[in-house]
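Per-entry structural report
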Amino acid sequence: MLDPANISVSETLRNGQRVEIRSQRPLDRRDLEAALARMSDESLRSRFFGARRHFSEKEAEYFLDIDFVNHVALVAVADENGKQSIVGAGRYVVVQPGRAEVAFGVVDQYQGQGLGAALMRELVAIARHTGISELIAEVLGSNLAMLKVFEKSGLQMITRREGSVVHVTLKLAQAQAD
């Protein structure tokens, strides 16, 4: 039985480095803040549609208040010089029954290594298990890496462009065969 609040899987990135993808915990706040501090302005713009490095207490609580029913969050943890550091995160928030908005953030030096795809796989497994049939996302059109993660997910993908934003819908119930 899948328990979203206690996920822990090991993944090997393209460069051979191992990371643990696990459920976000209440005590991860400092490590999440440290990961944000390591992200470039461009990466922050891609994630938050603005180079935000500081959040109000209410916003921080939102990102940290995970119930693993309506708000599921995973982090990717890597060993960096003997210290465990959060180097990426993915989450979804249920916006209506069967439909959730998904988002990711990855520290720059870990981008392009398959971490977004690994986080996506785990979130899709949880979403399917909990009855989510669609994941949606708003992605800047310039964020080709995130669009590629969605394209390569094996899920039916529908996109609609509105200015600089691409609205993505991923159908979980009808995964395409490889």
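Residues numbered from 1 in each chain as written. Predicted model: local features only at pLDDT ≥ 70, side-chain atom pairs only at ≥ 80, totals over all residues. Heavy atoms only, no water.

**Here's the deal with the side chain of glutamate 134**
Tracing the chain through its elements places glutamate 134 in strand β6 (residues 134-140). Under the relative-accessibility criterion, glutamate 134 is labelled buried at 16%. Looking at glutamate 134, its side chain comes within polar contact range of the side chain of arginine 99, at 2.7 Å. Once you skip the residues sitting within four places of it in the chain, glutamate 134 turns out to touch Gly98, Arg99, Ala100, Thr169, Leu170, Lys171 and Leu172. (Helix = DSSP H or I, 4+ residues; strand = E, 2+ residues; numbered from the N terminus. Buried < 20%, exposed > 50% of the residue type's maximum accessible area, 1.4 Å probe, protein only. Polar contact = N/O pair within 3.5 Å; in protein donor to acceptor, adjacent residues only side chain to side chain. Contact = heavy atoms within 4.5 Å.)

**Some points on the confidence of the model for the protein**
Of the residues in the protein, 88% have a pLDDT of 70 or more, and the chain-wide mean is 87. In the model of the protein, helix α2 (residues 41-48) stands out as the element of lowest mean pLDDT, 64, in contrast to strand β2 (residues 18-23), which has the highest, 96. A low-confidence stretch, residues 174-178 stays under pLDDT 50, and its non-local contacts, those more than four residues away or across chains, total 7 contacts. (pLDDT = per-residue confidence, 0-100.)

**Description of helix α5 (residues 144-151)**
Taken as a whole, α5 has its buried residues at Met146, Leu147, Val149 and Phe150. For α5, the buried positions fall inside an angular range of 155° around the axis, keeping them on one side. With respect to the buried face of α5, the exposed residues turned more than 90 degrees away are Leu144, Ala145 and Glu151. Contact partners of the buried residues in α5: β5 (99-106), α4 (115-129), β6, β7 (156-162) and β8 (165-171). (Arc of directions from axis to C-beta.)

**A short note on the nonpolar core**
In this structure, Tyr92, Leu115, Met120, Leu135 and Phe150 are the most contacted members of the largest nonpolar core, which totals 48 residues. Tallying contributions element by element places α4 first for this core, with 8 residues. Sequence-distant contacts of leucine 115, defined by excluding residues within four places in its chain, comprise Leu13, Val19, Ile21, Ala76, Val87, Gly88, Val106 and Tyr110. (Core = buried A, V, L, I, M, F, W, Y, C linked by side-chain atoms within 4.5 Å.)

**Side note on the pattern of salt bridges**
Tallied over the full model, the rule gives 6 salt bridges. Ionic pairing is found between arginine 22 and aspartate 28, a salt bridge with its closest N-O pair at 2.9 Å. Accessibility assignment for this pair places arginine 22 and aspartate 28 in one class, buried. A salt bridge links glutamate 162 to arginine 160; the shortest N-O distance between them is 2.8 Å. You can call arginine 160 partly exposed: its relative accessible area is 48%. Each of Arg99, Glu134 and Lys171 takes part in a single network of salt bridges with overlapping partners. (Salt bridge = Lys/Arg side-chain N within 4 Å of Asp/Glu carboxyl O.)

**Some points on the pairing of strand β3 (residues 71-80)**
Counting buried positions along β3 gives 9 out of 10 residues, so the element sits mostly inside the fold. Examined bridge by bridge, β2 and β3 share 5 bridges and lie antiparallel to one another. Among the inter-strand pairings, arginine 22 is bridged to a residue of β3, identified as valine 75. Where β3 meets strand β4 (residues 83-96), 10 bridges bridge the pair, whose relative direction is antiparallel. (Pairing = 2+ DSSP bridges.)

**Observations regarding the sheet that holds β8**
Here 8 strands make up an open sheet; going across it, the order is β1-β2-β3-β4-β5-β6-β8-β7 and the pairing mixed. Strand pairing shows two members of the sheet lacking a second neighbour, β1 (8-12) and β7, which therefore form its edges. Across the sheet, the mean angle separating the axes of adjacent strands is 25° when strand polarity is ignored. As paired elements, β4 and β5 share 8 bridges and run antiparallel to each other. Residue pairing for β5: valine 93 is matched across the bridge by glutamate 101. Strands in contact with helix α1 (residues 29-38) are β3 and β4; relative to β4, the strand with the most contacts, it is inclined by about 95°. Lying on the sheet, α5 is in contact with β5, β6, β7 and β8; it crosses β6 at an angle near 160°. (Axes fitted to C-alpha atoms, helices over the stretch in contact; angles between N-to-C directions.)

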